[in-house]
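# A look at the structure
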Amino acid sequence: MPAAAGAPAPALRLPLHLQALIASGVGLRHQGYRTRFAPSPTGPLHRGNLRTALLSWLEARLRGGQWLLRIDDLDAPRNRPGAEAAILDDLRWLGLDWDGPVVRQSAHRGLYASVLSALRQAGHLYPCRCSRRLLADVSAPHGALAVYPGHCRDRAPLWGPQDGRLPSWRLRLEPGVLRWQERGGPCGRQDGPTAVGDVVLRRADGVVAYHLATAVDELLMGISEVVRGEDLWPSTGAQVAVMAALGAAPPSYAHVSLWRDARGERLSKREGAEGLDGLRSRGMDAPAAIGHLAASLDLVPPGSRLSARELAANLSPEVLGA
C-alpha cells in the first residue's frame, strides 16, 4: 500500500527484470554516443521535424555513435493510419538511416505499467480527480496548464472509480531543484515545486503520459544525449524527476532553435507546415532537400545539393556543435 500522509515512503522496488533492463540501458551510455529521433505518427513530418532529424543524425554519425528511431505512438486516438510508414519513407528518401530496429512505445506498455505500479507502491504517486474545468483556472496564457496547485495531493488516496470515472496518477514531487546537463549553454535547471509541479504520469483514461514513457525509454534505450527542439525544454524537468524517482541519472540534452517562418511563427504539424511532399512539389530531389535543411542551419550555402553522407563527410563535431 502507498505510504500514509506524513509517513516515510517505502523504498522503490522495481521488478528484477526491469532493474536489469534499466541498468543495461544506462550502461550503453558509456559505450559510445547514442541519440534518438522520436516522432509521433499523427501526420507527416514537417520541415522543422526533418531538420531536427538531420541534426541528430549528423551528431550520431560524426561522433561514431548510434542514431535510434522511436515511434511515440501511445496516444492511439491521435495516430493517423499510414503516418508511421510515411515517416519511415521520408527518412529513407533523405538517406537518414537508423541503427537497430524501430522502437515503438506501444510495445512497452507492460514495462510502463510495472514502473507505475512500483512508483505507486513506494508512495511516489497519488490519485487526482481534478477536471479540466477546474484546472482551467490555473491555465497558462498560451493555453497549456500551469503548475498543478496540488488540490488532491494530501487527500485520502482513492484509486478506484468514483461516479464512473477513474483518477489520473500524479508524481509526488519533492521540494528541490531539478538539474541536467545542457549542451551549448548553462546547466539546465528547474525548481520542482514552482516550475514543474506534480505532473500526470497516467491519465484518467488509462493512457501512459508523455513524461513517464519518454523518461523510461531514454533509460531503456541507453540514450546519452537527447537532441530535440527548444519547445520541449520545459518538459525536461518532469522527465528528469521521473528518472530520479527510478534512481537513474538523466542523459544530457541539446535543445535546438526552432525553424520559424517569415512572421517568426514556429513550424508545426498543427499549422500544416510544408513537409517533403511540398518540397518535392517544388521540384526538389533528395540532395536539394538535404541542402535546403542544412542551409537553414548555416551548415552549407543556400542552394547546395548534396547527400546526407556527403554533408557528414564535410563537417566536424566542432562545427556542428557551433
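As the structure is a computational prediction, the values presented were derived from the model and not from experiment. (Residues numbered from 1 in each chain as written. Predicted model: local features only at pLDDT ≥ 70, side-chain atom pairs only at ≥ 80, totals over all residues. Heavy atoms only, no water.)

## Overview of the overall build of the chain
As a reminder of what qualifies: Only runs of H or I of at least four residues qualify as helices and only runs of E of at least two qualify as strands under DSSP, and these elements are numbered from the N terminus. Partly exposed describes any residue whose relative accessible area lies between the buried limit of under 20% and the exposed limit of over 50%, with all areas from a 1.4 Å probe on protein chains only and scaled to the type maximum. Throughout, a residue-residue contact means that at least one pair of heavy atoms, one from each residue, lies within 4.5 Å. Values of accessible area rely on a 1.4 Å probe in the Shrake-Rupley scheme; residue burial ignores everything except the protein chains shown.
Of regular secondary structure, the chain possesses 12 helices and 10 strands. Relative to its full complement of 322 residues, the chain shows a buried share of 48%. Partitioning the contacts of the chain with sequence separation of at least 6, the portion at a separation of at least 24 is 75%. Carbon and sulfur atoms form 53% of the exposed surface of the chain, whose accessible area is close to 15700 Å².

## Thoughts on the nonpolar core
The criterion, for reference: By nonpolar core is meant a set of buried Ala, Val, Leu, Ile, Met, Phe, Trp, Tyr and Cys residues that side-chain atoms within 4.5 Å join together.
Ranked by internal contacts, the top residues of the largest apolar core, which has 42 residues, are Leu54, Leu58, Trp67, Leu91, Leu96 and Leu311. Every element with two or more residues in this core is listed here: helix H2 (47-62), strand E2 (66-71), helix H3 (83-94), strand E10 (252-256), helix H9 (276-281), helix H10 (286-296) and helix H11 (308-313). For this core, the element with the highest residue contribution is H2, accounting for eight residues. Not counting residues up to four positions away in its chain, the partners in contact with Leu91 are Phe37, Leu45, Ala53, Trp67, Leu69, Leu96 and Trp98.

## Considering the packing of helix H7 (residues 210-220) against helix H8 (residues 236-245)
The condition that has to hold: Only the contacting stretch of a helix is used when fitting its axis, a line to C-alpha atoms as for every element, and angles between N-to-C directions run 0 to 180 degrees. Should an angle lie under 35 degrees it is considered roughly parallel, over 145 roughly antiparallel, and from 65 to 115 roughly perpendicular; all remaining angles are considered oblique. A clockwise turn of the near helix away from the far one marks a right-handed crossing, whereas an anticlockwise turn of less than a right angle marks a left-handed crossing. Classes in brief: Ala, Val, Leu, Ile, Met, Phe, Trp, Tyr, Cys and Pro nonpolar; Asp, Glu, Lys and Arg charged; the others, Gly included, polar.
The geometry of H7 relative to H8 is characterised by a closest axis approach of 9 Å and an angle of 60 degrees between their N-to-C directions. The orientation of H7 with respect to H8, classified from their angle, is oblique. In the packing of H7 onto H8, the handedness of the crossing is right-handed. Together, Tyr210, His211, Leu212, Thr214, Ala215, Glu218 and Leu219 of H7 and Ala238, Gln239, Val242 and Met243 of H8 make up the contact between the two elements. The class makeup of the residues in the contact of H7 with H8 is seven nonpolar, three polar and one charged.

## What to know about the sheet that holds E2
Stated precisely, the cut-off is as follows: Strand pairing is assigned whenever DSSP identifies at least 2 bridges connecting the two strands.
Reading across from one edge, E1-E2-E3 is the order of the three strands in this open sheet, with parallel pairing throughout. Unpaired on one side and paired on the other, strand E1 (34-37) and strand E3 (103-104) mark the two borders of the sheet. Here E1 runs beside E2; their pairing, made up of four bridges, is parallel. Opposite Arg34, over in E2, you have Gln66 as the bridge partner. Across the sheet, H2 is in contact with E1 and E2; its angle to E2 comes to roughly 145 degrees.

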